[in-house]
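Chain by chain, the residues:
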Amino acid sequence: MGEALLESYELYNGVKIPKLGLGVFLMKDEEELVEAVKTAVEVGYRHFDTAKIYGNEQYVARGLKEAGIPRKDVFITSKVWNYDQGYEQTKIAFQESLDKLETDYLDLYLIHWAAPKFVETWKAMIELYEAGKIRAIGVSNFQIHHLEELKNQGLMQPMINQIETHPEFPQNELHEYMKANGILHEAWGPLGQGKSELLKSPVLKDIGQKYFKTPAQVILRWHLERGEVVIPKSVHADRIKENSELFDFSLTEEDMEEIAGLNTETRYGGDPDDQERMKETSIRPKNA
């Protein structure tokens, strides 16, 4: 196993999080996901990112079990969904995630979106953290004003914020705010969510040729150079391996400047400030 895949960042509470993880968003096929997890473990991944709303926590658990890796050697993240937010419901949802993941603690638990009850949700998560059931707590898709709201309430600061980030949407203002406040930046959709022409960019191709790397590897390295955790998703063994080959090269300041020129402020995922969407997704469906 490549030692490089064990490279980590330290959260402000001293917990270490691997720089690279496998994201499993939209992976619904059980056998495919189990194989992807097993392949990732074999390649050297030790960080797996799921969420209740993905509906696949139990498949991640099965993949890790079949890979035969001890629980203490993996870093598992899950997230509380919008209709589970609120003080009591968050604790119930957390236990459900633990049961599906077949573990008695999580390494990281995130608020998935800043839905209407996110302050009460955060209070419950702080209690779970202080009780030793979660090693680190954070948020996802939070804007500066959401983070400021927690601060204004006098509550513990999130250790990490997982947000859509890629060269076309580098989130520079939020990135700098988090850096100034000691909140680690984690990037979801690090390659543009497959909705972008990013991987065909001549700039990235030219930079990649210098290092014998693909445009995707250049983008993932760009994230690491910025001090971000990355969780690219793939079920393909060759892509899972390719996405891990990031630790044998680095980008120059000139490379970083060229990539900065790709910023178009294009968000491909949901808008965290879409209040209607937050309200709609906070209503529990009858079959949930």
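Everything below is about the structure printed above this text.
Residues numbered from 1 in each chain as written. Predicted model: local features only at pLDDT ≥ 70, side-chain atom pairs only at ≥ 80, totals over all residues. Heavy atoms only, no water.

**As for helix α1 (residues 30–43)**
Under the 1.5 Å per step criterion, the end-to-end length of α1 is 20 Å for 14 residues, consistent within 8% with the ideal 20 Å. Burial in α1 covers these residues: Leu33, Val34, Ala36, Val37, Ala40 and Val41. For α1, the angular spread of the buried residues around the axis is 160°, confining them to a single face. Where α1 is buried, its residues touch β3 (22–23), β4 (47–49), α2 (57–67) and α9 (237–242). Remark: glycine 44 follows α1 within two positions and exhibits a positive phi of approximately 130°. (Helix = DSSP H or I, 4+ residues; strand = E, 2+ residues; numbered from the N terminus. Expected span 1.5 Å × (residues − 1). Buried < 20%, exposed > 50% of the residue type's maximum accessible area, 1.4 Å probe, protein only. Arc of directions from axis to C-beta. Contact = heavy atoms within 4.5 Å.)

**Re the packing of aromatic side chains**
Inspection of every chain in the model, using the stated rule, returns four aromatic pairs. Ring geometry for phenylalanine 94 and tyrosine 109: centres 5.0 Å apart, planes at 65°, overall edge-to-face. Pair noted here: phenylalanine 94 is in helix α3 (residues 87–101) and tyrosine 109 is in strand β6 (residues 108–111), with a separation of 15 residues, a long-range link. Classification of phenylalanine 94 by relative accessible area gives buried; the value is 1%. For arginine 71, the ring lying beneath its charged end belongs to tyrosine 105, and the centroid distance is 4.0 Å. Its end group placed over the ring of tryptophan 113, arginine 277 keeps NZ or CZ at 4.5 Å from the ring centre. (Phe/Tyr/Trp six-rings, centres within 6.5 Å; stacked < 30°, edge-to-face > 60°. Lys NZ or Arg CZ within 6 Å of the ring centre and 35° of its normal.)

**Some points on the sheet that holds strand β5 (residues 75–80)**
Pairing is parallel in the open sheet, where eight strands are placed in the order β3-β4-β5-β6-β7-β8-β9-β10. A strand with exactly one partner marks an edge of an open sheet, and here the two such strands are β3 and β10 (229–230). When strand β8 (residues 160–164) meets strand β9 (residues 184–188), the two strands line up parallel, connected through five bridges. From the neighbouring strand, glutamine 162 faces β9, where its bridge partner is glutamate 186. Contacting β5, β6 and β7 (137–140), helix α4 (residues 118–130) crosses the sheet at an angle of about 150° to β7. (Pairing = 2+ DSSP bridges. Axes fitted to C-alpha atoms, helices over the stretch in contact; angles between N-to-C directions.)

Take it as geometry only, folks, not as evidence of what the structure does.
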